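# Residue-level structural notes
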Amino acid sequence: ADFDAKRKRKEAEIYRALNSDPIDVATLRRMAISEGGLLTDEIRCIVWPLLLSVNTEDLPPLPARKELREDSKDYQQVLLDVRRSLRRFPPGMPDDQREGLQEELIDVILHILKRNPELHYYQGYHDIVVTFLLVVGERLTTALVEKLSTHHLRDFMDQTMDNTKHILNYLMPIIDQVNPEVHDFMKSAEVGTIFALSWLITWFGHVLSDFRHVVRLYDFFLACHPLMPIYYAAVIVLHRKQEVLDCECDMASVHHLLSQIPQDLPYESLISKAGDLFVQFPPSELTKEAAEAAQAEQTAASTFKDFELASVQQRPDTVLRQRFRERLRGGEQLRGEERTKSVLTKRRTNRFVKLAVMGLTVALGAAALAVVKSALEWAPKFELQIFP
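Residues numbered from 1 in each chain as written. Predicted model: local features only at pLDDT ≥ 70, side-chain atom pairs only at ≥ 80, totals over all residues. Heavy atoms only, no water.

By the naming in an unreviewed UniProt entry, the protein is TBC1 domain family member 20, taken from Erythrocercus mccallii. Quoted verbatim from the Subcellular location (unreviewed entry) heading of the UniProt record, the comment on the protein is "Membrane". (UniProt positions renumbered as here; feature names shortened; annotations may be inferred.)

We now examine the UniProt feature "transmembrane region" (unreviewed entry) in the protein. In the numbering used here, UniProt assigns the feature "transmembrane region" (unreviewed entry) to residues 191–208, 220–238 and 352–372. For the annotated span residues 191–208, helix accounts for 28% and strand for 0% of the residues, and the straight-line distance between the end C-alpha atoms is 22 Å. (Helix = DSSP H or I, 4+ residues; strand = E, 2+ residues; numbered from the N terminus.)

This part takes up the side chain of Asn116. Relative to the helices and strands, Asn116 is located in the loop between helix H6 (95–115) and helix H7 (125–136). Apart from the residues within four sequence positions on either side, Asn116 is in contact with Glu146 and Thr150. (Contact = heavy atoms within 4.5 Å.)

All right, on to the packing of helix H13 (residues 211–222) against helix H14 (residues 228–239) then. Two numbers describe a pair of packed helices, the interaxial angle and the distance between the axes. Packing of H13 against H14 brings their axes to within 9 Å, and their N-to-C directions diverge by 130°. One element, H13, and the other, H14, form an angle in the oblique class. On the side of H13, the interface is formed by Leu217, Phe220 and Phe221, while H14 contributes Met228, Pro229 and Tyr232. Counted by class, the contact of H13 with H14 contains six nonpolar, no polar and no charged residues. (Axes fitted to C-alpha atoms, helices over the stretch in contact; angles between N-to-C directions. Parallel < 35°, antiparallel > 145°, perpendicular 65-115°, else oblique. Nonpolar A, V, L, I, M, F, W, Y, C, P; charged D, E, K, R; others polar.)

Another aspect to go through is the pattern of salt bridges. The full count for this structure, using the stated rule, is 20 salt bridges. For Asp210, the salt bridge is made with Arg212, and the minimal N-O distance between the two is 2.6 Å. Classification of Asp210 by relative accessible area gives partly exposed; the value is 23%. One salt-bridge network, in which partners are shared between bridges, spans Arg65, Arg69, Glu103 and Asp107. (Salt bridge = Lys/Arg side-chain N within 4 Å of Asp/Glu carboxyl O. Buried < 20%, exposed > 50% of the residue type's maximum accessible area, 1.4 Å probe, protein only.)

Before going further, it helps to examine the packing of aromatic side chains. Evaluated as defined, the whole model comprises 15 aromatic pairs. Ring plane angle 65° and centroid distance 5.6 Å describe the contact between Tyr122 and Tyr125, whose orientation is recorded as edge-to-face. Like Tyr122, the residue Tyr125 is buried in the burial classification. Measuring from centroid to centroid gives 6.5 Å for Phe220 and Tyr232, while their planes differ by 65°, and the two rings are edge-to-face. (Phe/Tyr/Trp six-rings, centres within 6.5 Å; stacked < 30°, edge-to-face > 60°.)

As a packed pair, helix H1 (residues 2–19) and helix H3 (residues 41–51) sit with axes 12 Å apart at the nearest point and diverge in direction by 45°. One element, H1, and the other, H3, form an angle in the oblique class. Between H1 and H3 lies a crossing whose hand is left-handed. Only Glu42, Ile43, Ile46, Val47 and Leu50 of H3 make contact with H1, whose side of the interface consists of Glu11, Ile14, Tyr15 and Leu18. Grouping the amino acids of the contact of H1 with H3 by side-chain chemistry returns seven nonpolar, no polar and two charged. (Left-handed = near helix turned anticlockwise from the far one by under 90°.)

This part covers empty space enclosed by the protein. Any empty space left between the atoms is revealed when a probe the size of a water molecule rolls over them. The full count for this structure, using the stated rule, is two cavities of 30 Å³ or more. In this structure, the second largest cavity is lined by His152, Phe156, Ile167, Leu200, Trp203, Pro226, Leu227 and Pro229. For the lining of the second largest cavity, a count of residues per class yields seven nonpolar, one polar and no charged. (1 Å grid on protein atoms, 1.4 Å probe; cavity = no way out; pocket = protein on both sides within 12 Å on 5 of 7 lines; lining within 4 Å. Points joined across faces, edges and corners; volume = space filled by probe spheres on them.)

Attention shifts here to unusual backbone geometry. Following Asp21, the chain continues to Pro22 via a peptide bond in cis, the omega torsion being 0°. Here Pro22 is to be found in the loop between H1 and helix H2 (25–33). At Leu39, a position not held by glycine, the phi torsion is positive, near 70°. Among the structural elements, Leu39 can be located in the loop between H2 and H3.

Bringing the nonpolar core into the picture now. Judged by nonpolar contacts, the single largest core of 108 residues is most densely connected at Trp48, Phe204 and Tyr232. In terms of residue count, H14 provides more of this core than any other element does, ten residues in total. When sequence neighbours within four positions are dropped, the list of residues in contact with Phe204 reads Trp199, Val214, Leu217, Phe221, Pro229, Tyr232, Ala233, Ile236 and Ile261. (Core = buried A, V, L, I, M, F, W, Y, C linked by side-chain atoms within 4.5 Å.)

Rendered as structure tokens:
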């Protein structure tokens, strides 16, 4: 009963903010962030456009489907991704209704890309669009996601993934501020930040199975700074600190643990923690550390050949670790110049191990390679699927 009363009070406050003249957007932001978020999809349809400053009186008409599909270079990829998005629709939704929504999903994406030729489609983008589509419908989704794509998601829509990697580089400095022990453990394990890639670029839409949790996070992210999702990723890792520290200190184990996101997270308390961390350690204060992280980061493969070699091994991580240990033992007997050479080999072998393990990690192996791919600009024939 207490819960219902609180909810009713919050709803009344939201409508008061909507009915004030001018609309009290600051209060609406506060409501979107505070416990329970915006409460209902009906409210989201009104408030989400306000949080993104989108004028709903003046929505662009939807273009002709046939033309859109014939003109688009991205059509085939979008089609593949949308076909694979079944689990993003409510269980029990009739097939024909879901298929209708999937067609709309394709149209919205192609329409936004056509109107903004500087934006590049990425796998996982459809996970964001489908969330909007299920809440606000096709017309409004087109306007909201277009605004989002030119603002919050802009860095993910570059031709390369350099800016996305730059955002991921904020993750470790945030963890370091709160829990240096977890930070140092992850650094020793050389786990990197790839495990959080799909969280970040889909705003967790791809990895959380309960739609209510997804829209609750969208309320939060829409009301906040574009870097808030990386703070939320950091609080998830920090929430699991004991599991992390109990893990074997190697890349494979820690990466595997972190990339399997638990579904029973205490979402509300994590949201308020992420908000607190943002205030305590704003991005401007972390910029230096993020830049240093970028410099320290080794590309996971020095050449395409390395990748091929690592991937043909039966269990590359074991094989390479063994080879690395042998080299290390040999290295103890070396001196001077040769010792330096051995250290170099060690670093290189470590990279081998990293890359090989990325290939083995089912959920995000390919995502890791996609980051590497953009860094090395491998041949386009090397097609990658970021998501299984």
